[in-house]
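What follows is each chain in one-letter form.
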Amino acid sequence: MTFSPLAPCMLKHYIKHAQCEDAIHLYEHHDIVHMHNDVTRLLFLKACIHSKNYEKGHVIIVTQVTPAHMIETVHIKCINTAIHFYGEFDQIERAIHLYH
């Protein structure tokens, strides 16, 4: 599937209308080079929170938000959402680790 500049809008729509599994599917099945940026990562994490999908959100945080080579370039809103994600899943130690 190719990237559409409307994908972030669709992710927001799915989340707003409690179709978080559809948002997750959209994120996972788009061209990784173009689809995965801070805006879509943030929305993906929100979809994972609302759908209670810890595993998928955790994988994104570990692979696309917190690796040492990426941490300086990831937008603060994305890191804040990752902290919120861990808090929602009672993973306080992981949230504290991101905070520091």
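Residues numbered from 1 in each chain as written. Predicted model: local features only at pLDDT ≥ 70, side-chain atom pairs only at ≥ 80, totals over all residues. Heavy atoms only, no water.

K.L.:
Would you take a moment to explain the side chain of N53 for this structure?
P.N.:
Structurally, N53 can be placed in the loop between α4 (38-51) and α5 (54-65). Ignoring any residue separated from it by four or fewer positions in sequence, one finds N53 in contact with E21, I24, C48, F85 and F89. (Helix = DSSP H or I, 4+ residues; strand = E, 2+ residues; numbered from the N terminus. Contact = heavy atoms within 4.5 Å.)

K.L.:
What exactly am I supposed to notice about the packing of aromatic side chains here?
P.N.:
Describing an aromatic ring pair means giving the distance of the ring centres and the angle of the ring planes. Counted by the stated rule, this structure contains six aromatic pairs. Relative to Y86, the ring of Y54 has its centre 6.3 Å away and its plane inclined at 55 degrees; by these criteria the two rings are tilted. Here the residue Y54 occupies a position in helix α5, and Y86 occupies one in helix α6 (residues 76-88), the gap between them amounting to 32 residues. Both residues of the pair, Y54 and Y86, count as buried. By the ring-pair criterion, three or more aromatic residues cluster together here, those being Y54, F85, Y86 and F89. (Phe/Tyr/Trp six-rings, centres within 6.5 Å; stacked < 30°, edge-to-face > 60°. Buried < 20%, exposed > 50% of the residue type's maximum accessible area, 1.4 Å probe, protein only.)

K.L.:
What is the right way to read the confidence of the model for the protein chain from this model?
P.N.:
For the protein chain, the mean per-residue pLDDT works out to 85, and 84% of the residues sit at or above 70. Looking across the protein chain, the model is least confident in helix α3 (residues 32-35), with a mean pLDDT of 56, and most confident in α4, with 93. (pLDDT = per-residue confidence, 0-100.)

K.L.:
What should I look at first to understand α4 in this one?
P.N.:
In an α-helix there are 3.6 residues to a turn, and that puts residues three or four apart on one side. Here α4 contains 14 residues, and its C-alpha end-to-end distance of 20 Å stays within 8% of the 20 Å for a straight helix at 1.5 Å per residue. The positive-phi residue at the C-terminal boundary of α4 is K52, with phi of around 60 degrees. (Expected span 1.5 Å × (residues − 1).)

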